[in-house]
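Read off the chains here:
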Amino acid sequence: MPLTTRAGFGVSVSEPDPQTVLMKVTVHEGERIKGVHEFHLKKHPSQSTDDMCRAAFPIAFEEVAL
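Description of the structure in this document.

What counts and what doesn't
Residues numbered from 1 in each chain as written. Predicted model: local features only at pLDDT ≥ 70, side-chain atom pairs only at ≥ 80, totals over all residues. Heavy atoms only, no water. Helix = DSSP H or I, 4+ residues; strand = E, 2+ residues; numbered from the N terminus. Contact = heavy atoms within 4.5 Å. Pairing = 2+ DSSP bridges. Axes fitted to C-alpha atoms, helices over the stretch in contact; angles between N-to-C directions. Salt bridge = Lys/Arg side-chain N within 4 Å of Asp/Glu carboxyl O. Buried < 20%, exposed > 50% of the residue type's maximum accessible area, 1.4 Å probe, protein only.

## Describing the environment of leucine 41
Move 1: For leucine 41, the position within the fold is in strand S3 (residues 32-42).
Move 2: Expressed as a C-alpha distance, the spacing of leucine 41 and glycine 8, which sit 33 residues apart in the sequence, is 23 Å.
Move 3: The contact partners of leucine 41, leaving out residues within four places of it in the chain, are Gln19, Thr20, Val21, Met52 and Ala56.

Here's what the structure looks like:
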């Protein structure tokens, strides 16, 4: 499931190597940046990047109804 953010959040994700995920979450209040959270995550080869990002900062992501 692709990452879908809630209103007021911006997320950028990069994978410099197969075990490392860098995630930056920007919290917006209107046009202003209210906060920035940076995550340097290590993952197992079988682990999903999207699931790991949702687990690290769940409030930034919305659930997609099927």
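## A look at the sheet that holds strand S2 (residues 20-29)
Move 1: Sheet architecture is open: three strands sit in the order S1-S2-S3, paired in antiparallel fashion. Bordering the open sheet on either side are strand S1 (9-17) and S3, each of which pairs with just one other strand. Within the sheet, the average angular offset between the axes of one strand and its neighbour, ignoring direction, is 15°.
Move 2: Judged from the seven bridges that link them, S1 and S2 form a sheet pairing that is antiparallel. Residue pairing in the sheet places valine 11 in a bridge with valine 25 of S2.
Move 3: Each of S1, S2 and S3 touches helix H1 (residues 49-56); the most contacted strand, S2, lies at about 50° to it.

## A look at the environment of histidine 44
Move 1: Mapping histidine 44 onto the fold places it in the loop between S3 and H1.
Move 2: In the structure, histidine 44 is positioned 26 residues away from proline 18 in sequence and 8.7 Å away in space, judged by C-alpha atoms.

## Examining the pattern of salt bridges
Move 1: Evaluation of the coordinates by the stated rule reveals four salt bridges.
Move 2: Arginine 32 serves as the salt-bridge partner of glutamate 29, at 4.0 Å between the closest nitrogen and oxygen.
Move 3: For lysine 34, the salt bridge is made with glutamate 29, and the minimal N-O distance between the two is 3.4 Å.
Move 4: Accessibility expressed as a relative area gives 59% for lysine 34, which makes it exposed.
Move 5: On the basis of relative accessibility, which here comes to 40%, the residue glutamate 29 falls in the partly exposed class.
Move 6: Shared partners join several salt bridges into a network, and the residues in it are Glu29, Arg32 and Lys34.

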